[in-house]
Amino acid sequence: MRETSAGNGAYDVAVIGYGPTGVSAANLLGAMGLRVVVLERDAEVYSRARAISTDEEVLRVWQRVGLAERLKRDMLTDRPVDFVDARGRSFIRARPTPRGHGHPPQMFVYQPALEEVLREGVARYPNVEVRLGHECVGLRQGSGGVGLTATAGDAVHRLRAAYVIAADGGSSPTRARLDVGYEGRTYEDRWVVVDTEMLRPWPGHDRLRFRCDPARPAVDCPTPLGHHRWEFPVLPGDDESYLTTDEAVLALVTRYGIAPDSIRILRSTVYSHHVRFAARFRAGRVFLAGDAAHAMPPWIGQGMAAGVRDVANLCWKLAAVLRGELPETVLDSYEAERKPHVKEVTRRAVFVGRIITERRPALTRLRDTVLPVLNRVPGFAQWLQDSHWIPVAHYSAGFQARPRTRASGRQIPQPQVTAPDGTRVRLDDALGGRWVLLHARTATPQPLWKVPSLTVTPAGSSPARGTLVDDDGVLLPWLAGHRSATLALRPDAYVYAAARQGASLPPPPPGFVPAPHPTATSGG
């Protein structure tokens, strides 16, 4: 076999795996100016649509690299959610509630198209080298970095990187090589997932329905670019191989009034639901992200989103360490911040799954009788969704100043603001992916903090140097509600420290040496 070497210390970060988590990491790290290599076993984008939805916080991450608006062109937004009984009657109907991130609260996606756009985004960065058809078959850690071995055909490539992000899926070979446990359970029920092309629309084709039929529950979900998704459980006595045939699939969907000539079946496959968490998200210089770190059932559409949140949390910290801005110990906060949130998201996914898949007659009759009554109570459906669906990320531990305040560990909302130059932009585009002090109305000097400072002024104010006009009237009430007049914001727009009017912030983190550095492409 031919063998090549990339030399000593050739890359800042190696990314193993090029699905949504890996390609998001490559964009984020590329925008930060780091030297990155991506190792991906497959030569093409995986053709099966796995994830089918995402949310506003994830679009906020992709906005940092200038891709949110392009991605949204291929998404379906503002679609209602229905839980329906065996006769198709809705017993819960709701629309996702905006959380203030500046994008629609829920969007349906066609994953292969989404990944293509994200890969096109990576191509903007000459500092990111993508090696498709390269399988990572070994890694060895040392004090100065990680040695990686990859194969491509009959060639063996040896590379070095300071750090590694392993985003190589639920069966992660990297996690196995690190001897990191992957604890949890696999549900007994297996599900047939059917992706189709919609040839002729039918009434209600553009809304998500959880069909809570005890005889055979189903997920009936619109996906963009002329596609539609169904998911059905494999019941006792079913022949799995037959259930994936076109004949069986058509028999299942025609129960809902879908004419056979309305769809073309693209693919159908069987999979199991998992609830699993890696025992550690970090092993030395290697970090697990996405499905390599955790797996959850699909009921609230958060599997892909959780992976994107992982790398959004991790990548700026890696960049700060590599630039010498922060000590290496900050990397321990990745697991401390992400693991509790992903566990809570998983718990809620399991809860929603129980509503959908309940098959015991007595409980389904109670559900179908009581919930329609409660659904007529103003705000009940939104309360249920807000309380039991996607929790707001709030870091109660991790990288933040002490003492904690009401604002600590929260991500600031993202309204439209008027920047100092008079342009109207989303907040993150004005912040620029850097450490910033944000003041309410008037600035309180903070001599210990050597970072840019911006003062929020009320809607209608004239733009001026060092100010942001709160055009949507969101930031000033948020600051007041969190009893804060000054914030120290991390590059991911989470609050590191907060202080009341006229008070001093806690000091910067130990070892903090801010330095000029490239910021993410904005405006996406």
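Here we summarise the structure given alongside this text. The structure presented is a predicted model; accordingly, all values stated were derived computationally and were not measured.

1. As for the overall build of the protein
Looking only at helices and strands, the protein has 13 helices and 27 strands in total. For the protein, the C-alpha radius of gyration of 24 Å lies close to 24 Å, the compact-globule estimate for 524 residues. With respect to the three principal axes, the spread of C-alpha positions in the protein is 70 × 65 × 35 Å. Counting all 524 residues of the protein, 57% fall into the buried class. For the protein, restricting intrachain contacts to residue pairs at least 6 apart in sequence, the fraction spanning at least 24 positions comes to 71%.

2. Some remarks on helix 7 (residues 246-253)
All of the buried residues in helix 7 are Ala-248, Val-249, Leu-252 and Val-253. Projected down its long axis, helix 7 shows its buried positions confined to an angular sector of 125°, all on one face.

3. Focus: the pattern of salt bridges
Using the criterion set out here, one finds 34 salt bridges in the structure. Across the salt bridge formed by Glu-69 and Arg-426, the nearest N and O atoms sit 2.8 Å from each other. Of this pair, Glu-69 sits in helix 3 (residues 68-72) while Arg-426 is found in strand 22 (residues 424-426), placing the two residues 357 residues apart along the sequence. Linking Arg-131 and Glu-129 is a salt bridge whose minimum nitrogen-to-oxygen distance equals 2.7 Å. Residue classification places Arg-131 among the buried residues on the basis of a relative accessible area of 14%.

4. What about the environment of Gly-409?
Its location among the elements puts Gly-409 in the loop between helix 11 (380-388) and strand 21 (416-418). With a relative accessible area of 3%, Gly-409 lands in the buried category. The sequence separation of Gly-409 and Ala-289 amounts to 120 residues, and the corresponding C-alpha distance is 20 Å. Those residues in contact with Gly-409, other than ones at most four positions away along the chain, are Ala-393, His-394, Tyr-395, Gln-400, Tyr-494 and Val-495.

5. With respect to a nonpolar patch on the surface
The grouping of Leu-363, Leu-366, Val-370, Leu-374 and Val-377 at the surface amounts to a nonpolar patch, some 380 Å² of accessible area in total. Along the chain, Val-377 falls in the loop between helix 10 (361-375) and helix 11. Judged by relative accessible area, Val-377 falls into the partly exposed class, the value being 43%.

6. Regarding the side chain of Glu-358
Within the element layout of this structure, Glu-358 appears in the loop between helix 9 (333-357) and helix 10. At 2.8 Å, the side chain of Glu-358 forms a polar contact with the side chain of Arg-360. When near neighbours in sequence (up to four residues on either side) are disregarded, Glu-358 contacts Pro-214, Leu-363, Thr-364 and Arg-367.

7. What to know about the sheet that holds strand 8 (residues 106-108)
Strand order in the open sheet formed by 3 strands is 4-8-5, and the pairing between neighbours is antiparallel. A strand with exactly one partner marks an edge of an open sheet, and here the two such strands are strand 4 (53-55) and strand 5 (76-77). Sheet analysis places strand 5 next to strand 8, joined by 2 bridges and oriented antiparallel. Within strand 8, the residue paired with Leu-76 across the bridge is Phe-108. Lying over the sheet, helix 2 (residues 56-63) contacts strand 4 and strand 8, oriented at roughly 75° with respect to strand 4.

Parameters and conventions
- Residues numbered from 1 in each chain as written.
- Predicted model: local features only at pLDDT ≥ 70, side-chain atom pairs only at ≥ 80, totals over all residues.
- Heavy atoms only, no water.
- Helix = DSSP H or I, 4+ residues; strand = E, 2+ residues; numbered from the N terminus.
- Rg over C-alpha atoms; globule rule 2.2 N^0.38 Å.
- Buried < 20%, exposed > 50% of the residue type's maximum accessible area, 1.4 Å probe, protein only.
- Contact = heavy atoms within 4.5 Å.
- Arc of directions from axis to C-beta.
- Salt bridge = Lys/Arg side-chain N within 4 Å of Asp/Glu carboxyl O.
- Patch = residues over 30% accessible without salt bridge, like charges linked within 9 Å, V, L, I, M, F, W, Y side chains within 5 Å.
- Areas by Shrake-Rupley, 256 points an atom, 1.4 Å probe, with all protein chains shown as cover.
- Polar contact = N/O pair within 3.5 Å; in protein donor to acceptor, adjacent residues only side chain to side chain.
- Pairing = 2+ DSSP bridges.
- Axes fitted to C-alpha atoms, helices over the stretch in contact; angles between N-to-C directions.

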